[in-house]
Amino acid sequence: MMTYYRTDDQVIHEEEKLSDGVWVQMINPTHDECEEIAEKLMVDIDDVKAALDVEESSRIELQDGYTLILVDIPAIEIRHDQRTYTTIPLGIILTQDIIVTICTEDTPVLQNFVRSRVKEFSTKKKLRFVYQILYRTAAIYQANLRIIDKRRTEIEERVGSDTDDSDLINLHELESTLVYFATSLRANGVVLDRLTRYKRLEQYPEDKELLDDVIVENRQAIEMTSIYRDIINGTRELMSSLLDNRLNNVMKYLTSITIVMAIPTVISGIYGMNVNENWMPFANTPHGFLIICIITLLICVITMLFLRKKKML
């Protein structure tokens, strides 16, 4: 899908055709749409379709007559029947008069621009628009990181009570997401560093301040990602230790019960031997069977008390 937008007096509206000062939003465009925009703007079609490849890395390329900016933005995907976070490429093509954004889905990064929820937004101020997109990207990264930490907290609150294997799997999913975020944020940081030296298009004084704010927000997101990864790693190790400790306790209890149950087994086995009854204690004593049972029970109780004292029961 390809849509043309233009702002007049900070009010956005759709345009029917391409003209100066227009923002072209391409959402999962077809090959024909890519060819059309490449032909009209005289750009390489491979650059137009670059953002459609999920393996593309963040970068900035200066071409004849236009600039290609690729950044990774956060997105939601379904993994193991659960909503998880990942990153996808967002392509931005800057010409002297037109700005084009290409993405595989209708991302929240750009939705607020379409809904006129961004202050001082103008499709004619292309570099400011780019910085606003990058600022919005960093803000969504931070918001998603807070949600990830909240999920981690919910899992951590169950540690020691009803922790199960699914919690370990969920922690692994969160840790994998943070790996994606960390890689993408560092790559975006390289793009931001190159933008500080970008001189091809006109920049307003407040644009440089906005770029500085974007760099700060991106660095903060990187720090948050690093901190949350360390915390999740610690939580996962704690849960693994608790599960191992539970297994050790179960094995300890089973061993203690085996020891106690072995006592009557040994005694009954001895009395079951085919030997002369004159040599067996209590063989001819009235109530001998009851006496042997009582002695066996006493030995078992003493053994249990000993094991309990040693904290094995």
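Rules behind the numbers
Residues numbered from 1 in each chain as written. Predicted model: local features only at pLDDT ≥ 70, side-chain atom pairs only at ≥ 80, totals over all residues. Heavy atoms only, no water. Patch = residues over 30% accessible without salt bridge, like charges linked within 9 Å, V, L, I, M, F, W, Y side chains within 5 Å. Areas by Shrake-Rupley, 256 points an atom, 1.4 Å probe, with all protein chains shown as cover. Salt bridge = Lys/Arg side-chain N within 4 Å of Asp/Glu carboxyl O. Helix = DSSP H or I, 4+ residues; strand = E, 2+ residues; numbered from the N terminus. 1 Å grid on protein atoms, 1.4 Å probe; cavity = no way out; pocket = protein on both sides within 12 Å on 5 of 7 lines; lining within 4 Å. Points joined across faces, edges and corners; volume = space filled by probe spheres on them. Nonpolar A, V, L, I, M, F, W, Y, C, P; charged D, E, K, R; others polar. Phe/Tyr/Trp six-rings, centres within 6.5 Å; stacked < 30°, edge-to-face > 60°. Pairing = 2+ DSSP bridges. Axes fitted to C-alpha atoms, helices over the stretch in contact; angles between N-to-C directions. Parallel < 35°, antiparallel > 145°, perpendicular 65-115°, else oblique. Left-handed = near helix turned anticlockwise from the far one by under 90°.

A. Spotlight on a nonpolar patch on the surface. Nonpolar side chains collect at one region of the surface, where Leu-247, Val-250, Met-251, Tyr-253, Leu-254, Ile-257, Met-261, Met-304 and Leu-313 lie side by side and expose about 830 Å² of accessible area between them. With 7 residues, the single largest contributor to the nonpolar patch is helix α6 (residues 205-271). When you line up the elements, Met-251 lands in helix α6.

B. Looking closely at the layout of surface pockets. Size it by volume and the largest pocket reaches roughly 210 Å³. Looking at the lining of the largest pocket residue by residue, the classes come out as 3 nonpolar, 5 polar and 3 charged. Approximately 170 Å³ is the volume found for the second largest pocket. Residue lining of the second largest pocket: Gln-82, Arg-83, Thr-84, Tyr-85, Arg-151, Glu-154, Ile-155, Arg-158, Asn-170, Glu-173, Leu-174 and Thr-177, and that is the complete set. Sorting the residues of the lining of the second largest pocket by element identifies β6 (82-94), α4 (126-157) and α5 (165-195) as the ones contributing at least two each. Taken together, the residues of the lining of the second largest pocket break down into 3 nonpolar, 4 polar and 5 charged.

C. Spatial organisation of the packing of aromatic side chains. Enumeration according to the criterion identifies 7 aromatic pairs in this entry. Taken together, a centroid distance of 5.0 Å and an interplanar angle of 85° make the contact between Tyr-141 and Phe-181 edge-to-face. With Tyr-141 in helix α4 and Phe-181 in helix α5, this pair connects stretches of sequence that are 40 residues apart. An aromatic cluster is built from Tyr-5, Trp-23, Phe-113, Phe-121 and Phe-129, whose rings are joined through pairwise contacts.

D. Inspection of the pairing of strand β4 (residues 59-63) at higher detail. Two strands pair when backbone bridges link them, and β4 and strand β5 (residues 66-79) are joined in this way by 5 bridges, in the antiparallel orientation. In the sheet register, Glu-61 faces β5, and the bridge partner there is Leu-68. Hairpin connection, β4 to β5: the antiparallel pair is bridged by 2 residues, and Gly-65 has positive phi, about 90°.

E. Quick peek at the packing of α4 against α6. Interaxial distance between α4 and α6 falls to 9 Å at its minimum, and their mutual angle equals 20°. Taken together, the axes of α4 and α6 lie roughly parallel to each other. Once α4 is placed against α6, the crossing between them reads as left-handed. Classifying every residue of the contact of α4 with α6 by side-chain character gives 17 nonpolar, 6 polar and 9 charged.

Coordinates in, geometry out; function isn't part of it.
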